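Summary of the model geometry
Residue-level listing of the chains:
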Amino acid sequence: MPVLLPGQPISSRRSVLQPIVAGGGAWTPATPTGLVAWYKADAGTSTTVDGDPISQWDDQSGNARHLTQATGSKQPLYKASTINSMPGVRTDGVDDFLNHTAGAAFVTGTTLTVAMVYRRVAASANFARALALFRSAGGNDYNHAGSMALNQSLQDREAVDRAAALTRQGPGHPGNGVAMLTLLWWDGTNANQRYNSAAATIASAASTGTWDVTRIVLGAGDSAAAIGAFGNYDFCELMIWDNDIGSTHRTNLETYTDRWGL
Amino acid sequence: MATAHTVRLIIVMRQGFAAKANTAAKLVDTVGGEFTFGPPLRLAGDATNTIRARWCSWQMTPAQATALRTRLKDQGLLDGEVVIVPRSQRGTWVFDGQARAAIFDARENEGWTPAEVLEATGLDTPHTNQ
């Protein structure tokens with residue numbers, strides 16, 4: 001058990017609050033089954049120099065789904081102090097994005113959980129993407145079964161997801177600079193959403209179709225053939241599971257992400 | 001340790017010179033520079049989405065900035081065809097429609113923002129669906 005010391009950062013003090021799971025260890029994103037990708041800005045970036053471009057952000061799940069960007073002008077920056085004075089990966093809203101393309105789909109069922117800690121730095125183009133999951137056949141990240149886009153739309157609404165050509169829009173975006181834990185999950189019947197531990201309403205019918213995710217794009221999306229819809233964000237942590245992790249793990253996840261000061 | 005990447009430039013390149021600009025960029029960024037001038041721009045609101053320019057926002061070292069300017073010249077981009085827009089002209093500079101390239105000082109917190117560049121040039125990004 002860590003000792004609480006005066007002057008110790010909040011993020012450290014909060015470590016004592018981390019949930020304990022069966023077996024005695026602290027809850028981590030690897031605790032639920034089905035973790036397919038996990039990125040956190042305080043580990044695995046190709047640089048830790050403030051303001052340096054990032055060419056790779058390593059997957060912490062053990063699946064080696066590293067996010068990369070070979071073109072220097074498109075590389076996001078490592079920022080030493082973002083949400084809760086902790087590191088973040090900043091995309092510029094013009095051309096930056098990170099990408100992982102797999103040979104085969106790594107999410108294929110009817111269920112999925114996505115959790116992301118991030119904030120919008122500035123509004124950019126209409127429908128600018130924070131995250132896109134592309135299906136194996138390519139095309140767009142919307143209106144195609146098996147793909148998903150998390151975006152900032154013309155109506156300043158965040159978190160649109162797509163499955164089987166259904167549109168689901170979440171609540172209004174909280175604004176620039178506001179740190180968010182966005183939690184999206186599909187339970188096999190419906191899409192669900194929570195922001196910063198509060199339930200959010202999604203306008204939608206029940207979800208149908210199956211996931212077919214072969215590609216992760218962070219900071220942009222839209223078309224698999226021509227990545228666009230670039231967003232200006234600070235990304236701190238992203239976790240993707242190939243199932244509905246369930247309410248207990250969701251609660252533990254929200255406690256786990258308290259380290260970002262949410 | 002401080003970053004050596006202290007220069008951020010937003011560069012808008014006419015569509016007709018984009019291929020040569022990417023050739024120049026590849027000589028500066030030998031890993032992936034050929035994709036530098038990729039994101040398209042249209043005349044603001046153009047429903048036909050005709051591509052008029054390509055742009056990039058590049059955080060680079062001063063040496064890279066100098067090298068890029070040299071390589072662009074090597075590809076035929078003459079000094080008189082480029083307009084260098086300092087941060088001091090934020091909000092006042094307006095594109096005259098003549099230059100083949102415009103290079104904006106976009107340093108963090110002080111320089112041109114992407115939205116300001118688009119407004120000053122009369123360009124925007126092609127419509128993205130939803």
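Attention here is on the structure that accompanies the text. Worth saying up front: this structure is predicted, and the values here are computed from it rather than measured.

With that settled, consider the overall build of chain A. Tallying secondary structure elements over chain A gives two helices and 18 strands in all. Residue burial in chain A is summarised as follows: out of 262 residues, 56% are buried. Of the contacts made within chain A by residues no fewer than 6 positions apart, 64% connect residues no fewer than 24 positions apart. Working note: accessible area of chain A is about 9100 Å², and carbon and sulfur atoms make up 50% of it.

What follows is about the interface of chain B and chain A. Each partner contributes to the interface: chain B provides 25 residues, whereas chain A provides 28 residues. Of the roughly 2000 Å² buried between chain B and chain A on both sides combined, carbon and sulfur atoms contribute 54%. Linking chain B with chain A are three salt bridges. With a shortest N-O distance of 3.2 Å, B:Arg8 and A:Asp92 are connected by a salt bridge. Remark: the boundary between chain B and chain A carries 10 residue pairs in polar contact (both at pLDDT 80 or more). Looking at side-chain class alone, the side of chain B that touches chain A contains 10 nonpolar, 12 polar and three charged residues.

Time to look at the pattern of salt bridges. One pass over the structure, following the stated rule, counts 20 salt bridges over all chains. A salt bridge links B:Lys73 to B:Asp79; the nearest nitrogen and oxygen atoms lie 3.2 Å apart. B:Glu81 is the partner of B:Arg100 in a salt bridge, and the nearest nitrogen-oxygen pair spans 3.0 Å. Of this pair, B:Arg100 sits in the loop between strand E4 (82-85) and strand E5 (101-105) while B:Glu81 sits in the loop between helix H2 (62-74) and E4, and the two are 19 residues apart along the sequence. Judged by relative accessible area, which is 27%, B:Arg100 ranks as partly exposed. Connected through shared salt-bridge partners, A:Lys79, A:Arg90, A:Arg119, A:Asp234 and B:Glu108 make up one network.

The rules we used
Residues numbered from 1 in each chain as written. Chains lettered and ligands numbered in written order. Predicted model: local features only at pLDDT ≥ 70, side-chain atom pairs only at ≥ 80, totals over all residues. Heavy atoms only, no water. Helix = DSSP H or I, 4+ residues; strand = E, 2+ residues; numbered from the N terminus. Buried < 20%, exposed > 50% of the residue type's maximum accessible area, 1.4 Å probe, protein only. Contact = heavy atoms within 4.5 Å. Areas by Shrake-Rupley, 256 points an atom, 1.4 Å probe, with all protein chains shown as cover. Buried area = accessible area lost by both parts, 1.4 Å probe. Salt bridge = Lys/Arg side-chain N within 4 Å of Asp/Glu carboxyl O. Polar contact = N/O pair within 3.5 Å; in protein donor to acceptor, adjacent residues only side chain to side chain. Nonpolar A, V, L, I, M, F, W, Y, C, P; charged D, E, K, R; others polar.

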